[in-house]
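Letter by letter, the chains look like this.
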Amino acid sequence: MSIRPIILLPDPVLREVSKPVERIDDNVRKFAADLFETMYDAPGIGLAAIQVGEPRRLLVIDLAKEDEPKAPQAFINPHIVSRTGEGVAYEEGCLSIPDYYAEVERPKEVNVRYVDLEGKEQEIKAEGLLAVCLQHEIDHLNGVLFIDHISRLKRDIVIRKFRKMARDKPPARMVG
Ligand code: NI
């Protein structure tokens, strides 16, 4: 297992639409283990493959609190089959947009169909934080960020800020 570098705004990779995972094998399981390790290290409660630069439809979530045992969940090729309930506002953040939080309104409940790490088809009804997290992470697979759901004015401000930070920072990799 290894911790992968997380891609930050405004990297255009975050706007890519990820491709379905064709086969669930040990490579995919190993990659999912890397995603979990990267997410726990950050730390965060959700991470999509594209956030480490891999445009595959795979995401991981763990909503366990610090004093609770780990509860890792991997979702392969997830899609939302139905949305119900009034929009609920929740303050979201993103590992690709560190230290920025904003309220986003999303449907209260979603039914999500996906494949698990054993290759079995599953469907869950998610509400509360899991519903928020799944919608946020599935957005990533479609190149959508949570800041796309806030006002244009606020979005432009945060994008400008991250663009400036990326410019001011020395490159993360030096290739000689
Ligand atoms: Ni995110």
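Residues numbered from 1 in each chain as written. Predicted model: local features only at pLDDT ≥ 70, side-chain atom pairs only at ≥ 80, totals over all residues. Heavy atoms only, no water.

A. Fine view of the environment of Val 110. With respect to the helices, strands and loops of the structure, Val 110 is situated in strand S4 (residues 97–115). When its relative accessible area of 0% is taken as the criterion, Val 110 is described as buried. C-alpha separation for the pair Val 110 and Val 13, spaced 97 residues apart in sequence, amounts to 27 Å. Discounting residues that sit within four places of it in the chain, Val 110 has contacts with Ile 80, Ser 82, Arg 83, Ile 124, Lys 125, Ala 126, Ala 131 and Gln 135. (Helix = DSSP H or I, 4+ residues; strand = E, 2+ residues; numbered from the N terminus. Buried < 20%, exposed > 50% of the residue type's maximum accessible area, 1.4 Å probe, protein only. Contact = heavy atoms within 4.5 Å.)

B. Fine view of the state of the cysteines. Counted under the stated rule, the structure contains zero disulfides. Just so you know, Cys 133 is unpaired, no disulfide at all, and the nearest cysteine sulfur is the one on Cys 94, 10 Å from it. For Cys 133, a relative accessible area of 6% puts it in the buried group. (Disulfide = S-S within 2.5 Å.)

C. Broad picture of the pattern of salt bridges. Applying the stated rule across the entire model yields twelve salt bridges. Its salt-bridge partner being Asp 148, residue Arg 15 comes within 2.7 Å of it at the nearest N-O pair. Within this pair, whereas Arg 15 is found in the segment before helix H1 (26–41), its partner Asp 148 is found in the loop between helix H2 (128–141) and helix H3 (152–168), the two being separated by 133 residues in sequence. Residue Asp 148 is classed as partly exposed on the basis of its relative accessible area of 27%. A salt bridge links Arg 106 to Asp 139, with the shortest nitrogen-to-oxygen separation between them at 3.1 Å. Taken together, the residues span a long stretch of sequence, with Arg 106 in strand S4 and Asp 139 in helix H2 at a distance of 33 residues. In this pair, the class of Arg 106 matches that of Asp 139, namely buried. Three or more residues joined by partner-sharing salt bridges are found here, namely Arg 4, Asp 34, Glu 54 and Arg 56. (Salt bridge = Lys/Arg side-chain N within 4 Å of Asp/Glu carboxyl O.)

D. Representation of the packing of aromatic side chains within the structure. On inspection of all chains with the given rule, the structure shows three aromatic pairs. Between Phe 75 and Tyr 114, the ring centres sit 4.5 Å apart and the planes meet at 55 degrees, which makes this aromatic pair tilted. Of this pair, Phe 75 sits in strand S3 (residues 73–94) while Tyr 114 sits in strand S4, placing them 39 residues apart in sequence. Classification of Tyr 114 by relative accessible area gives buried; the value is 10%. If you follow Arg 56 out to its NZ or CZ, it ends over the ring of Phe 31, 4.2 Å from the centre. Directly above the ring of Tyr 40 sits Lys 70, whose terminal nitrogen or CZ lies 4.6 Å from the centroid. (Phe/Tyr/Trp six-rings, centres within 6.5 Å; stacked < 30°, edge-to-face > 60°. Lys NZ or Arg CZ within 6 Å of the ring centre and 35° of its normal.)

E. The arrangement of H3 in detail. The end-to-end C-alpha separation of H3 is 24 Å, in line with the 24 Å expected for 17 residues at 1.5 Å each. Residues of H3 that are buried include every one of Arg 155, Val 158, Ile 159 and Phe 162, and no others. What you see down the axis of H3 is that its buried residues fit within an arc of 100 degrees, all on one side. H3 presents Leu 153, Arg 160, Arg 167 and Asp 168 as exposed residues on the side facing more than 90 degrees away from its buried surface. Packing partners of the buried residues in H3 comprise S4. (Expected span 1.5 Å × (residues − 1). Arc of directions from axis to C-beta.)

F. View of the sheet that holds S4. Pairing is antiparallel in the open sheet, where five strands are placed in the order S1-S2-S3-S4-S5. Two strands close off the open sheet at either side, each with one partner strand: strand S1 (46–48) and strand S5 (121–127). Taking the axes of each pair of neighbouring strands and ignoring which way they run, one obtains an average angle of 45 degrees across the sheet. The strands that H2 touches are S1, strand S2 (58–61), S3, S4 and S5; relative to S3, the one it contacts most, it runs at about 120 degrees. (Pairing = 2+ DSSP bridges. Axes fitted to C-alpha atoms, helices over the stretch in contact; angles between N-to-C directions.)

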